[in-house]
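Examination of the molecular architecture
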Amino acid sequence: GAPATLVQQATQAQLDEVIHAKLCFGIASAFQGVQYSAGAFDLSNAFPNQVSVEKVLVAAVIEGCIQETISSAHVSVAATRCRIPAIATILERIGEDETRHAELSWDTVRWLLSQHPELRDVAREAFESYSLGEEPEVDRLSSVLSDYGQWSDRERYRLSQRVLAGVVAPAAQALLG
């Protein structure tokens, strides 16, 4: 029952993820001189028999509103740090796509709550229960990887904290009132 625009955006996001995988396999193949591609996925337990609106809402909050928002920030920073122009271009594209995917999740949650306002507390609990875990104790980064846009675990963790506090929390507050 979702609006056609959400369905269209979700379909585009699926295609984006296929393209991201192909681009990343292409990078790995170029480095190793061996052709890499996706193998078969075991999906036998991937789809529950019954999917509730509540489960879809919680997944959209956690995987979309929170994790895609953080991911888009991570990839965007990686693109700016990457010293290899072809890879930086790929990272920029992925970052832009991930930003759109995060926006899609926020739009999906907004629409779900307009259809099921009784689930507002479920959404609030999903936002509030999310945790990054502990800050990494070891802050490793190979200088070789930094040329490719990789940055340290601690830096990524701290950016994640800033995104949660400065983007996700205010957006969730605006959404939930």
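See the structure above.
Keep in mind it's a predicted model, so treat the numbers as computed, not measured.

1. Some words on the packing of aromatic side chains
- Here the structure, examined in full by the defined rule, presents two aromatic pairs.
- Here Phe 31 and Tyr 148 contribute two aromatic rings whose centre-to-centre distance is 5.0 Å and whose plane-to-plane angle is 85°, an arrangement assigned as edge-to-face. One end of the pair, Phe 31, is in helix α1 (residues 4–32); the other, Tyr 148, is in the loop between α5 (143–146) and α6 (153–176), with 117 residues separating them in the sequence.
- Tyr 148 sits in the partly exposed class, given a relative accessible area of 30%.
- Taking the centre distance of 5.4 Å and the plane angle of 20° together, the rings of Trp 106 and Phe 127 count as stacked. One end of the pair, Trp 106, is in helix α3 (residues 85–115); the other, Phe 127, is in helix α4 (residues 120–129), with 21 residues separating them in the sequence. Take Trp 106 and Phe 127: they sit in the same class, and that class is buried.

2. As for the nonpolar core
- Counting 34 residues, the largest nonpolar core has Leu 57, Val 61, Val 109, Leu 113 and Phe 127 as the members making the most contacts within it.
- Looking at this core, the elements that each hand over two or more residues are α2 (53–81), α3, α4 and α6.
- Among the elements that line this core, the one with the most residues is α2, at 10 residues.
- Apart from residues lying up to four places away in sequence, Val 61 is in contact with Ile 66, Val 109, Ala 123, Ala 126 and Phe 127.

3. Considerations on a nonpolar patch on the surface
- Nonpolar side chains collect at one region of the surface, where Phe 41, Leu 43 and Phe 47 lie side by side and expose about 410 Å² of accessible area between them.
- Here Phe 41 lies in the loop between α1 and α2.
- Taking the relative accessible area as the measure of exposure, Phe 41 reaches 70% and is therefore exposed.

Rules of the game
Residues numbered from 1 in each chain as written. Predicted model: local features only at pLDDT ≥ 70, side-chain atom pairs only at ≥ 80, totals over all residues. Heavy atoms only, no water. Phe/Tyr/Trp six-rings, centres within 6.5 Å; stacked < 30°, edge-to-face > 60°. Helix = DSSP H or I, 4+ residues; strand = E, 2+ residues; numbered from the N terminus. Buried < 20%, exposed > 50% of the residue type's maximum accessible area, 1.4 Å probe, protein only. Core = buried A, V, L, I, M, F, W, Y, C linked by side-chain atoms within 4.5 Å. Contact = heavy atoms within 4.5 Å. Patch = residues over 30% accessible without salt bridge, like charges linked within 9 Å, V, L, I, M, F, W, Y side chains within 5 Å. Areas by Shrake-Rupley, 256 points an atom, 1.4 Å probe, with all protein chains shown as cover. Salt bridge = Lys/Arg side-chain N within 4 Å of Asp/Glu carboxyl O.

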